[in-house]
Amino acid sequence: MASNQANHHHANISTTLLLFSLLLANLDLTGAQIGVTYGMLGDNLPPPNEVVALYNQYNIHRMRLYDPNPAVLQALRGSNIQLMLGLPSNSLQSIATSQDVANAWVQNNVLNYIDSVQFRYIVVGNEVRPTDPFCPFLFPAMQNIQTAIETKCQAALECSAANRIKVTAAFGYGVMNVSYPPSQRSFREDYGFFLNPILGFLTKNQAPLLLNVYPYFAYVNNPGQIRLDYTLFTAPPGLIPDPPLSYSNLFDAMMDAAYSALERAGAGTLSVVVSETGWTTAGGGAETTVDNARIYNNNLVRHVKGGTPKRPGKPIETYIFGMFDEDQKQPELEKHWGLFSPNKQLKYPINLNH
Ligand SMILES: *[C@@H]1O[C@H](CO)[C@@H](O)[C@H](O)[C@H]1NC(C)=O
């Protein structure tokens, strides 16, 4: 009896611990899906160690980095920040045509840091289009990076960390064919020759597709056709019918269009990570204001917790573009996407911790 009681007590503690860890895992899924991109095209940005401290200060636990900058990787050591690491498009050809080069890239930029940096994704290329000369190298480069990760890790600890890293690619929204409404959309046919093998690769590896989703650009590129409140998450419910669903914001419509396109391409099990989205505060038309950026990004952070009409209740992993205003970008409107000024002050109030 005594021993039974002890066992029973033990079981209760285990159950409590289990429930507690499930709760923590669940909190992590629903509460920490917001990341911020760290572009470095400014001549006045703070040094990487201060930038990492700023991520921590504002509880930003995910970072997208566009190339393996050694100072940033060093600054990330020991931090609680999960990293989406880019492999720049100008490296695609050398990586695709030599497994040795791919192995060296993974050794120098991933495995050398794997004991203390949390790599989440390797993003091979960004917004590669079928007309880009390096386009045919995108898929083979992804394969070689995957092979490098699988074969290069030596120690058990290193391998378990490495095996969690997903190799993927980020597409611009130009991958989508123009049609209407969201449920009728598909990927552009001219992307098929490299997109279809990639979708098969992602499905096999249970990796997400990365998509840069900018309601802002859809709005400015279709003058007079899209309501501003529909892009800012402030329109009334049911504004755009797509039976049996309906849309009150362009972000959801763009996401669900991508899910419909994935289903049409036979890749309906993939999830979509929003690898960039945001709003610029200056340099464009009347819509490029601090107020609109504040409204868009704050509503976005709240909104992505709840999924979309097509995938309700499934939080969307989302990266806001971007951390800082970058004064070396062109044209003018590209310089003003930052949540922060280079002096580390928020440009407008934003709550990133919903
Ligand atoms: C877009 O879709 C339409 C209808 O399926 C098709 O005729 C057209 O070729 C597609 N365009 C592109 C660029 O994929």
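Residues numbered from 1 in each chain as written. Predicted model: local features only at pLDDT ≥ 70, side-chain atom pairs only at ≥ 80, totals over all residues. Heavy atoms only, no water.

Time to look at the overall build of the protein chain. The secondary structure content of the protein chain amounts to 12 helices and 10 strands. In terms of C-alpha radius of gyration, the protein chain reaches 21 Å, essentially the compact-globule figure of 20 Å for 354 residues. Judged by the C-alpha coordinates and their principal axes, the protein chain covers about 75 × 55 × 45 Å. For the protein chain, the proportion of its 354 residues judged to be buried stands at 51%. (Helix = DSSP H or I, 4+ residues; strand = E, 2+ residues; numbered from the N terminus. Rg over C-alpha atoms; globule rule 2.2 N^0.38 Å. Buried < 20%, exposed > 50% of the residue type's maximum accessible area, 1.4 Å probe, protein only.)

Here the focus is the environment of P197. Tracing the backbone through its elements, the reader meets P197 in helix α8 (residues 192–205). When the C-alpha positions of P197 and F139 are compared, they lie 7.2 Å apart, and in sequence the two are 58 residues distant. With near-sequence residues (within four places) excluded, P197 lies in contact with F139 and G192. (Contact = heavy atoms within 4.5 Å.)

Strand order in this closed barrel of eight strands is β1-β2-β3-β4-β5-β6-β9-β10, and the pairing throughout is parallel. Taken pair by pair, the neighbouring strands of this sheet meet at an average axis angle of 25°, ignoring direction. Strand direction decides the pairing type here: strand β9 (residues 272–277) and strand β10 (residues 318–320), joined by two bridges, are parallel. Bridge pairing in β10 places T277 opposite I320. Along the sheet face, helix α2 (residues 48–57) touches β1 (34–38) and β2 (62–65) and points at about 165° away from the line of β1. Along the sheet face, helix α5 (residues 99–109) touches β3 (82–87) and β4 (118–126) and points at about 145° away from the line of β3. (Pairing = 2+ DSSP bridges. Axes fitted to C-alpha atoms, helices over the stretch in contact; angles between N-to-C directions.)

Okay, the site of the ligand next. Surveying the vicinity of the ligand reveals the residues N177, R188 and E189. The backbone of E189 places a nitrogen or oxygen atom 2.7 Å from an oxygen atom of the ligand. Here the ligand, which alone exposes 360 Å², has 45% of that area covered by the protein. (Near = heavy atom within 4 Å. Polar contact = N/O pair within 3.5 Å; in protein donor to acceptor, adjacent residues only side chain to side chain. Areas by Shrake-Rupley, 256 points an atom, 1.4 Å probe, with all protein chains shown as cover.)

This paragraph deals with helix α12 (residues 290–303). Here α12 is 14 residues long and its end C-alpha atoms lie 20 Å apart, about the 20 Å a rise of 1.5 Å per residue gives. Among the residues of α12, N292, A293, Y296, N297, N298, N299, L300 and V301 are the ones counted as buried. Elements in contact with the buried residues of α12: β1, α9 (215–221), α10 (228–231), α11 (250–264), β9 and β10. (Expected span 1.5 Å × (residues − 1).)

Across all of its chains, the model carries 19 aromatic pairs by this definition. Each ring, one from Y216 and one from W279, has its centre 5.1 Å from the other, and the planes form 75°; the classification is edge-to-face. Taken together, the positions of Y216 in helix α9 and W279 in the loop between β9 and α12 put the pair 63 residues apart, joining distant regions of the chain. Like W279, Y216 is buried. Chaining the aromatic ring pairs together yields one cluster made of Y66, Y214, Y216, F217, F233, F251, W279, Y296, F321 and W337. (Phe/Tyr/Trp six-rings, centres within 6.5 Å; stacked < 30°, edge-to-face > 60°.)

Within the secondary structure layout, N109 lies in helix α5. Sequence-distant contacts of N109, that is, excluding residues within four places in its chain, are made with P68, L73, L85 and F119.

Roughly 1,100 Å³ of volume is contained in the largest pocket. Taken together, 40 residues make up the lining of the largest pocket; nearest its centre are Y173, Y214, F217, A218 and M254. Only α9 and α11 provide two or more residues apiece to the lining of the largest pocket. Split by residue class, the lining of the largest pocket holds 23 nonpolar, nine polar and eight charged. (1 Å grid on protein atoms, 1.4 Å probe; cavity = no way out; pocket = protein on both sides within 12 Å on 5 of 7 lines; lining within 4 Å. Points joined across faces, edges and corners; volume = space filled by probe spheres on them. Nonpolar A, V, L, I, M, F, W, Y, C, P; charged D, E, K, R; others polar.)

What follows concerns the domain arrangement of the protein chain. For interface size, the figure often reported is the accessible area lost on association. Segmentation of the protein chain into domains returns domain 1 (1–31) and domain 2 (35–335). Spacing between the C-alpha centres of domain 1 and domain 2 amounts to 36 Å. (Domains from an automatic or database assignment.)

Looking now at the environment of N299. For N299, the location among the structural elements is in helix α12. For N299 and I122, which are 177 residues apart along the polypeptide, the C-alpha to C-alpha distance reads 28 Å. Not counting residues within four places of it along the chain, the set of residues in contact with N299 comprises L232, F233 and T234. Side-chain polar atoms of N299 contact the side chain of R302, separated by 2.7 Å.

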